[in-house]
Amino acid sequence: MIVLKTVLVARDKDYIRAWLDYAQSSPAGDHMRFTAFSQLEAFTNYMTEQEERDLPDLIIAEPEFLNPWLINGGEASGIPWLMLSEGHEGEHENKQLMKYQPLSTLLEAARNACRQPKSKKNQRRGQETLCIGVLSASAGSGKTAVAMHMAKQLGLAGYAVLYLNLETLDSTFPFLEKGLRQTHRHHAEAETGLSRLLYDLKMRRREVNSGQIQGQRKGQERGSHQGRTTNINIGEKVPAPAISGNEASNDGIAPCKAASEYVISHEALKSDVFWPLTNRKEMLQMSKGDTTDLIRYLTDCGQYELLILDGDSGWDERSEGIMEAADTFVWLVEDDIAAMHRWGQWLYHAERNRPDVIESVLERTYFVINKYREQLLNPLPRADLRVDAVLPYIPSWKQLNQEEVMLSSPIFQREVKRLCALLVQTMGDEQRQTGQMVQQESRVL
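This structure is a prediction, so every number in the text was calculated from the model and none was measured.

### Focus: the packing of helix α12 (residues 337-353) against helix α13 (residues 355-363)
The geometry of α12 relative to α13 is characterised by a closest axis approach of 5 Å and an angle of 130 degrees between their N-to-C directions. Considering the angle they form, α12 stands oblique to α13. Between α12 and α13, the residues in contact are W346, L347, A350, E351, R352 and N353 and P355, I358 and L362, respectively. Grouping the constituent residues of the contact of α12 with α13 by class yields 6 nonpolar, 1 polar and 2 charged.

### What to know about the side chain of S271
Of note, S271 is situated in strand β9 (residues 271-273). A polar contact is formed between the side chain of S271 and the backbone oxygen of A151, at a distance of 3.1 Å. From its side chain, S271 meets the backbone oxygen of L269 in a polar contact 3.0 Å long. Sequence-distant contacts of S271, defined by excluding residues within four places in its chain, comprise A151, K152, V161, I264, S265 and H266.

### What about the sheet that holds strand β12 (residues 365-372)?
On the basis of which strands lie adjacent, the open sheet formed by 8 strands has the order β8-β9-β7-β10-β6-β11-β12-β13 and mixed pairing. The sheet is open, and its two borders are formed by β8 (264-266) and β13 (389-392), each paired with just one other strand. This sheet shows a mean twist of 30 degrees between the axes of neighbouring strands, independent of strand direction. Two strands pair when backbone bridges link them, and strand β7 (residues 161-165) and strand β10 (residues 306-310) are joined in this way by 5 bridges, in the parallel orientation. Looking across to β10, one finds that Y163 is bridged to I308. Of the strands in this sheet, β6 (130-136), β11 (328-334) and β12 are in contact with α13, which crosses β12 at around 70 degrees.

### As for the environment of A339
Tracing the backbone shows A339 in helix α12. Residue classification places A339 among the buried residues on the basis of a relative accessible area of 3%. Setting aside anything within four residues of it in sequence, one finds A339 in contact with S138, V333 and E334.

### Quick word on helix α4 (residues 103-113)
Those residues of α4 that fall on the buried side of the exposure criterion are L106, L107 and A110. The buried residues of α4 occupy an angular sector of 95 degrees when projected down its axis, which confines them to one face.

### Quick word on the sheet that holds strand β5 (residues 96-98)
Taken in spatial order, the 5 strands of this open sheet run β2-β1-β3-β4-β5, and their pairing is parallel. Strand pairing shows two members of the sheet lacking a second neighbour, β2 (32-37) and β5, which therefore form its edges. When strand polarity is set aside, the average angle formed by the axes of neighbouring strands in this sheet is 25 degrees. Pairing analysis gives 3 bridges linking strand β3 (residues 58-61) to strand β4 (residues 81-85), with the strands arranged parallel. Considered in β4, the bridge of I60 is made with L82. Strands in contact with helix α1 (residues 13-25) are β1 (4-9), β2, β3, β4 and β5; relative to β2, the strand with the most contacts, it is inclined by about 165 degrees.

Conventions adopted
- Every residue gets a number counted from 1 within its own chain, in the order that chain's sequence is written.
- A pLDDT threshold of at least 70 governs which residues receive local features in this predicted model, and a stricter bar of 80 or more applies before side-chain atom pairs are shown or counted, although totals over entire chains, interfaces and linings include all residues.
- Excluding hydrogens and water, the side-chain values take into account all heavy atoms of the structure.
- Helix axes use the C-alpha atoms of the stretch in contact, all axes being lines fitted to C-alpha atoms, and the angles between their N-to-C directions lie in the range 0 to 180 degrees.
- For helices the rule is a DSSP run of H or I covering at least 4 residues; for strands it is a run of E covering at least 2, with both sets numbered from the N terminus onward.
- What sets the label is the angle itself: under 35 degrees gives roughly parallel, over 145 gives roughly antiparallel, 65 to 115 gives roughly perpendicular, and the rest give oblique.
- Any pair of residues with heavy atoms lying within 4.5 Å of one another is described as a contacting pair.
- Under the grouping applied here, Gly and all other residues not named as nonpolar or charged are polar, the nonpolar ones being Ala, Val, Leu, Ile, Met, Phe, Trp, Tyr, Cys and Pro and the charged ones Asp, Glu, Lys and Arg.
- Side-chain atoms alone can form a polar contact between residues adjacent in sequence; in general such a contact is a pair of N or O atoms within 3.5 Å, and within protein one must be able to donate a hydrogen while the other accepts it.
- Paired strands are those between which DSSP finds at least two bridges.
- Buried means the residue's accessible area, taken with a 1.4 Å probe over protein chains only, is under 20% of the maximum for its type, while exposed means over 50%, and partly exposed covers the values in between.
- Note that the arc is computed from the directions linking the helix axis to the C-beta atoms.

Here is the structure:
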C-alpha cells in the first residue's frame with residue numbers, strides 16, 4: 001500500500017472535519033494522509049517549508065487559497081491540484097471538484113487525481129527476463145516471506161517465475177518441504193539440482209578460459225612467425241564471457257544443460273525453485289562471479305519471465321552479485337528504531353566504500369516498510385529516502401506451526417499484489433499505476 005499525501009484547504013472548518021472524519025473511518029482513506037488548513041498564511045508557510053521529498057501528492061483547495069499558490073510558483077511545482085468549486089468559477093473547468101457531493105465521491109476523485117510515485121530506473125539490457133532482488137539491512141525483516149509471496153502472486157498471474165534463495169542459511173525449507181517432496185523426480189536428483197548447476201557452471205567457465213588461453217598462445221605463435229607483435233600477454237588474465245544456458249558451442253565445449261534439469265516445480269509457490277543446499281560450504285564459497293554466472297544462466301535460458309532473488313542481509317559476495325545482476329530491487333525495512341538505524345548505517349557504509357555500486361542500486365530500488373501497523377512512528381534515517389509501499393503486520397505469523405499459514409494470508413497477499421504491480425509495470429508501458437497489474441495477454445493480478 002502506498003500512502004498518498006494530500007493537502008486540503010477550505011475556509012469552513014466543519015467542512016474540513018467532515019472530510020477528515022470520513023477519510024479516517026473509510027477503508028478507501030487508508031491510502032491517503034490528509035493535512036488540512038483553513039487559513040491562507042498557514043497553508044502558504046507549510047508549502048514553503050516542504051522539501052522535495054515531502055511535497056504532497058495533491059492539493060485540494062478553494063479558489064481564494066489555490067489561486068495565490070498557483071501564482072507564486074505552484075503551477076510550476078508539478079504538484080497536481082483540484083479546485084473546490086460551487087459551480088460559479090469559469091476557469092480551470094477540467095480541474096474543478098464540486099464541493100458538495102457525497103464524501104465517497106470526493107475521496108475517490110482525490111485518489112484518482114493524486115500523482116503517482118516517480119518511476120524507478122532499471123538496467124534491463126533488452127532481455128525478456130526481469131530479475132527482482134529482495135534486500136534488507138536487518139535480519140528478521142521478513143525478506144524471505146515477502147520474496148516467496150511475490151513469487152506466488154506472480155506465478156498465479158500466469159508468469160513463468162523462478163524463486164532463487166541465496167541465503168547462507170536457507171529458511172525456506174519448512175515452508176516448501178511438502179511441495180518439494182511431492183515432485184515426481186527422483187529425490188536424490190532433485191536434492192542436488194543447485195549443487196550440480198553450480199559445478200557445471202564452474203566447469204564450463206574453466207573450459208572456456210582454458211580454450212581462450214590456448215587460442216591466444218596459438219595466435220602469439222602465428223604472430224611471431226610472421227614477424228608481427230601481438231597485444232596479448234600469456235600471463236594476463238582474460239575476462240570470460242557470460243555463460244548462458246543456450247550458448248552455442250563453437251569451441252567444441254558442451255553447453256550447460258537446460259534449466260529444467262536442475263529445478264523443481266513447486267505447486268504451492270506457483271514457481272520453480274531449487275532444493276535448498278545441504279552443504280553450507282557450497283554457499284559460503286560462492287563468489288560474486290559464481291553468483292552473476294548463475295543469475296545470467298537463469299536469465300538467458302529462456303525459461304523464465306521473472307526471477308526473484310533472495311540473498312543475505314549482510315554485505316557478502318553473493319549480495320554483490322545480486323546487486324550487479326538484478327534489474328530492480330525491493331528493499332525491506334521495519335518501523336523500528338534499531339532497523340531504521342541499521343538501514344542508515346548500511347547506506348553510509350556502502351556510499352563510503354562502493355559509491356558506484358550503491359548509486360546504481362538506489363536508482364532501481366523500491367523501499368518498502370514491512371510489518372506496518374497503521375502509521376509510521378520512526379523517522380527515516382535520511383532526508384533523501386522515501387517509502388514506496390508498505391506491507392501489513394500479520395499477528396498470526398508470530399508463532400507459526402503450520403507451513404501453509406505463511407503463504408495463505410489474504411491481507412498480505414492483497415498488498416503483495418500491489419507491490420508486484422509496481423514492479424512489473426516496467427515490462428509493459430513503463431507507467432506505474434498503483435494497485436493495477438500490467439496486462440500481458442491474459443495475465444492479470
